[in-house]
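If you want the building blocks of each chain, they are given just below.
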Amino acid sequence: MTTAPWRDPAQPAAARVDDLLSRMTLEEKTAQLYGVWVGAETDGDGVAPHQHDMTADYDWDELITRGLGQLTRSFGTAPVDPALGARALARAQRRIAEAGRFGIPAVAHEECLAGFTAWRATAYPVPLAWGAAFDPPLVEEMARHIGRDLRAVGVHQGLAPVLDVVRDPRWGRVEETIGEDPYLVGTVGAAYVRGLESAGIVATLKHFAGYASSAGARNLAPVRAGTREFADVTLPPFEMALREGGARSVMAAYTERDGVPASADPELLTELLREEWGFTGTVVADYFGIGFLQTLHRVAGTPAETARLALHAGIDVELPTVKYYGEALVTAVREGLVSEDLVDRAARRVLLQKCELGLLDEDWRPEPAESVPIDLDSAANRALARRLAEESVVLLDNPDGLLPLSPDGRIAVVGPRAADALAMLGCYSFPSHVLTHHPGVELGIGIPTLLESLRTELPDAKVTFAEGCPVSDPDPTGFEEAVARAAEADVCVAVLGDRAGLFGRGTSGEGCDVADLRLPGVQGDLLDALVATGVPVVLVLLTGRPYALGRWQGRLGAVVQAFFPGEEGGPAVAGVLSGRVNPSGRLPVSVPRVPGGQPWTYLQPPLGLAGEVSSLDPTPLYPFGHGRSYTSFAWEDFSAGDGETDLPTDGSYDVSLTVRNTGDRPGSEVVQLYLHDPVASVTRPDVRLVGYRRVTLEPAESARLTFHFHTDLSAFTDREGRRVVEPGALELRLGTSSAEVRHTARLRLTGSVRKVGADRRLRCEVSLG
């Protein structure tokens, strides 16, 4: 029997796919362009609004005779035992392969924003905590573990990471982002992509592009970012994750910019992404994003026109389930409304990816290896989750050394987040995302609360507890007990923050946008009541976004910020409070002084900063990059002098310093390099991050750090829309945050304006000597 060329792994992938496409009918080609969401509810909102509107009825047995592009969330829709789920997915894949003429299985995809969103899988810290850790290698290691778990149960594609740059912290999905700086987002995001892809999983970049710039911080609201903001803030993390991470998929954003929805924008999805950046993978729709072109954006009047717009723009796969790329698309092609060439273009991309994944090979088998037990929350996973959680905790303030806590003191733990395991998890964790629809089902993973963890951490301390108030309900009836417990103690630990949820079912998460940055509910009033006792108060925040804390400036004994630190977050935060863990996290987002001083991020040109032209002062209480430690560090032997160094516009310059631990305990310092451009042809941020390095030192130990700055890192988009390096003065500022500068190197770029392209250097390498 002769093997068809498309089945022969010795043939080039392109030749195999061309041979296969030549044998397929129109119906078989379009079947590769959509997913099916088995188990999605059609009689209510389910997980997301509009789910019932966008989920079409279909006959599964008939549908799969044509083949199938993707299977949606076999593990992430309902609680499924991992081993049983792997076998069920394998059976479904075999049915799909046996039903079609070509025996091609589907690509199975899942969410993996902060770990595999599946029952009994490790819940890692959320991406905002990754940003706080300033540790890309650790994030890469975490992603590799996530990818291995996905592969172990038969999943091929992960819908992560989110590379949106925070522009307004009132937006509900801030917890899903890595921070407010594109360099931090890009370097950490690219590391996550490398880890996921190294495990054989197709990483999917979200949300391309501009989703986080929505007007008024409202989910799906129009984006009003200008051309330069879009080019210099929104796009660089995606470019870095593609070029340095090797991501093989991109998800189109829900939003529109300047009247054009991303899902219908060929300039974005084809001209920029493919022709300029050279991307060759697949573009997938955000869930129901194609249908929203008709129902929400109203740029199409019929299903056929909707399919044409999305396909022409460059969306290859309709997710999560079939509606527009099925019969509607076939009919549109038959009637001449849509060119079959567009179908072939998308199908070729999908099949090339399936070829890469081995799904076109004759020896493909769907069953997982029986000899390997499936454990999605292994000891190694938990250890990694603990380490990342510990690195991500930010000590914002400790003015009088109240922390670490006394090991045998009287501690009153107060607040609605202290004794709730879900206080540690973001909205895309399985317990918060799915289990709320399945009351009575156990969490499936161990999640120690902060109260439990603190009692374990300090066994000789007398620890009492009172909830004080709910997270968001305006109910102060618990204040009296909370104040009484605090008054009896030597110190009060107030554990406040968010409850993650979806579409208004939480205070943080997708669709949980807020009008201002006050603490939810009456938590702020509870904190006032605790402070009024005169007992020193340690504020611990477990949140998905920053909240305004200026109201308590100078009134608190210490402030600790943790951004949904995952299943090991309780022990991590308790370790910081006890002193077992020396805090080393740094803020990936600024913490505002007042609730209404937003929207604001540190990337401001001069008129975005405080000044005499306005009575409003947007200066944050704690700046981007800020974080304190229980030890101290000296920054010595800075390499640059007081003068100005000439450098050509295509040159490089090294900045070196020695960091020495001058305290009495091990600790980690995060050295940050910022760029200041005094004069440019368009307004520029006063400072912006262009490099950083975390370094861990024993007492009295030192390390020499060298930042290898290239002038490409000073490039920006000029008035003509070109990305250029301009001659003139520059400053390189080494600091402990965006507002705390330790050393400055002054440069003068010489020569002519230099245009740079997609091959420019995106990263400032840092060597450790």
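Structure's up top.
Residues numbered from 1 in each chain as written. Predicted model: local features only at pLDDT ≥ 70, side-chain atom pairs only at ≥ 80, totals over all residues. Heavy atoms only, no water.

1. Observations concerning the overall build of the protein chain
- The number of helices and strands found in the protein chain is 21 helices and 27 strands.
- Counting over 769 residues, the protein chain shows a buried share of 63%.
- Taking as baseline every contact in the protein chain between residues at least 6 positions apart, the subset at least 24 positions apart corresponds to 79%.
- Summed over its atoms, the accessible surface of the protein chain is roughly 27,000 Å², and 48% of this surface lies on carbon and sulfur atoms.
- A distance of 2 Å separates the average location of the 73 positive side-chain charges in the protein chain from that of its 104 negative side-chain charges. (Helix = DSSP H or I, 4+ residues; strand = E, 2+ residues; numbered from the N terminus. Buried < 20%, exposed > 50% of the residue type's maximum accessible area, 1.4 Å probe, protein only. Contact = heavy atoms within 4.5 Å. Areas by Shrake-Rupley, 256 points an atom, 1.4 Å probe, with all protein chains shown as cover. Lys, Arg positive; Asp, Glu negative; His and termini not counted. Charge placed at Lys NZ, Arg CZ, Asp CG, Glu CD.)

2. Comments concerning the pattern of salt bridges
- For the structure shown, the criterion picks out 57 salt bridges.
- Two residues, Glu-111 and Lys-206, come together in a salt bridge whose shortest N-O distance is 3.1 Å. Taken together, the residues Glu-111 in strand β3 (residues 107–111) and Lys-206 in strand β5 (residues 202–208) connect sequence positions 95 residues apart.
- Notably, a salt bridge pairs Asp-516 with Arg-518, separated by 2.2 Å at the nearest N-O pair.
- Assessed through its relative accessible area of 23%, Asp-516 is described here as partly exposed.
- Shared partners join several salt bridges into a network, and the residues in it are Asp-377, Arg-382, Arg-386, Glu-567 and Glu-568. (Salt bridge = Lys/Arg side-chain N within 4 Å of Asp/Glu carboxyl O.)

3. What to know about the packing of aromatic side chains
- In this structure the tally under the stated criterion is 16 aromatic pairs.
- Between Phe-134 and Phe-624, the aromatic rings sit 6.2 Å apart at their centres with planes inclined by 55°, giving tilted as the arrangement. One end of the pair, Phe-134, is in the loop between α6 (127–133) and α7 (136–152); the other, Phe-624, is in the loop between α21 (569–578) and β16 (633–636), and 490 residues separate them in sequence.
- Among the residues examined, Phe-134 registers a relative accessible area of 1% and is labelled buried.
- Overall, the relative accessible area of 0% leaves Phe-624 in the buried class.
- Judged by centre distance (5.1 Å) and plane angle (85°), the rings of Trp-171 and Tyr-211 are edge-to-face. (Phe/Tyr/Trp six-rings, centres within 6.5 Å; stacked < 30°, edge-to-face > 60°.)

4. Observations regarding the nonpolar core
- In terms of nonpolar packing, the biggest core is built from 211 residues, with Tyr-192, Phe-208, Tyr-325, Leu-549 and Phe-707 touching the most fellow members.
- The element that contributes the greatest number of residues to this core is helix α8 (residues 182–198), accounting for eight residues.
- Formed by 35 residues, the second largest nonpolar core is a distinct cluster that contains Ala-423, Leu-458, Val-463 and Val-573. (Core = buried A, V, L, I, M, F, W, Y, C linked by side-chain atoms within 4.5 Å.)

5. Structural notes on helix α5 (residues 82–99)
- Helix length check: α5, at 18 residues, gives a terminal C-alpha distance of 25 Å against a target of 26 Å (1.5 Å per residue), a fit within 8%.
- Looking only at α5, the buried set comprises Pro-82, Gly-85, Ala-86, Leu-89, Ala-90, Ala-92, Gln-93, Ile-96 and Ala-97. The buried residues of α5 all sit within an arc of 165° when viewed along its axis, so they share a single face. When the buried face of α5 is taken as reference, the exposed residues oriented beyond 90 degrees from it are Arg-91 and Glu-98.
- On its buried face, α5 is in contact with α4 (60–63), β2 (70–72) and β3.
- Capping of α5 at its N-terminal end is provided by Asp-81; its side-chain oxygen lies 3.1 Å from the backbone amide nitrogen of Ala-83. (Expected span 1.5 Å × (residues − 1). Arc of directions from axis to C-beta. Polar contact = N/O pair within 3.5 Å; in protein donor to acceptor, adjacent residues only side chain to side chain.)

6. Overview of the side chain of His-676
- Structurally, His-676 can be placed in strand β19 (residues 667–676).
- Owing to a relative accessible area of 12%, His-676 belongs among the buried residues under this scheme.
- A polar contact of 2.7 Å, which involves the side chain of His-676, links it to the backbone oxygen of Asp-686.
- Those residues in contact with His-676 that lie beyond four places of it in its chain are Asp-686, Val-687, Leu-730, Glu-731 and Arg-733.

7. Concerning the sheet that holds strand β26 (residues 754–755)
- Overall, antiparallel pairing links the three strands, which are arranged β22-β23-β26 in an open sheet. Each edge of the open sheet carries a strand with a single partner, namely β22 (716–717) and β26.
- With two bridges connecting them, strand β23 (residues 723–725) and β26 associate as antiparallel partners. Within β26, the position partnered with Val-725 by the bridge is Arg-754. (Pairing = 2+ DSSP bridges.)

8. A short note on the environment of Ala-332
- Its location among the elements puts Ala-332 in helix α14 (residues 327–334).
- Spatially, the C-alpha atoms of Ala-332 and Glu-305 are 8.2 Å apart, while their sequence positions differ by 27 residues.
- If near-sequence neighbours (up to four positions away) are discounted, Ala-332 is found in contact with Ala-304, Leu-337 and Val-338.

9. What about the sheet that holds strand β13 (residues 491–497)?
- Spatially, six strands are ordered β10-β15-β14-β13-β11-β12 in an open sheet, and the strand pairing comes out mixed. Because the sheet does not close on itself, it has two edges, and the strands there are β10 (394–397) and β12 (462–466). When strand polarity is set aside, the average angle formed by the axes of neighbouring strands in this sheet is 20°.
- Relative to strand β15 (residues 558–563), strand β14 (residues 537–543) is paired through six bridges, and the arrangement is parallel. Opposite Val-540, over in β15, you have Val-560 as the bridge partner. (Axes fitted to C-alpha atoms, helices over the stretch in contact; angles between N-to-C directions.)

10. Remarks on the pairing of strand β11 (residues 410–414)
- When you tally the buried positions in β11, you get four out of five residues, the bulk of the element.
- Across five bridges, the pairing between β11 and β12 is parallel. Within the sheet, the bridge partner assigned to Val-414 lies in β12 and is Ala-466.
- Examined bridge by bridge, β11 and β13 share four bridges and lie parallel to one another. Across the sheet, the residue bridging to Val-414 is Ala-494, located in β13.

11. Overview of unusual backbone geometry
- Cis peptide bonds are those with omega within 30 degrees of zero, and the linkage from Lys-206 to His-207 qualifies with -10°.
- Mapped onto the elements of the fold, His-207 is located in strand β5.
- Look at the link from Phe-208 to Ala-209: it is a cis peptide, with omega at 0°.
- Its location among the elements puts Ala-209 in the loop between β5 and α9 (227–234).

12. Quick look at the pairing of β14
- Burial runs high along β14: seven of the seven residues are buried.
- Both faces of β14 are covered, namely the face carrying Val-537, Leu-539, Leu-541 and Thr-543 and the face carrying Val-538, Val-540 and Leu-542.
- Pairing geometry for β13 and β14, over six bridges, is parallel. Counterpart to Val-493 in the pairing with β14 is Val-538.
- After leaving β13, the chain enters helix α20 (residues 523–531) and then returns to the sheet as β14, a path that is right-handed. (Right-handed = clockwise from strand over helix to strand, strands pointing away.)

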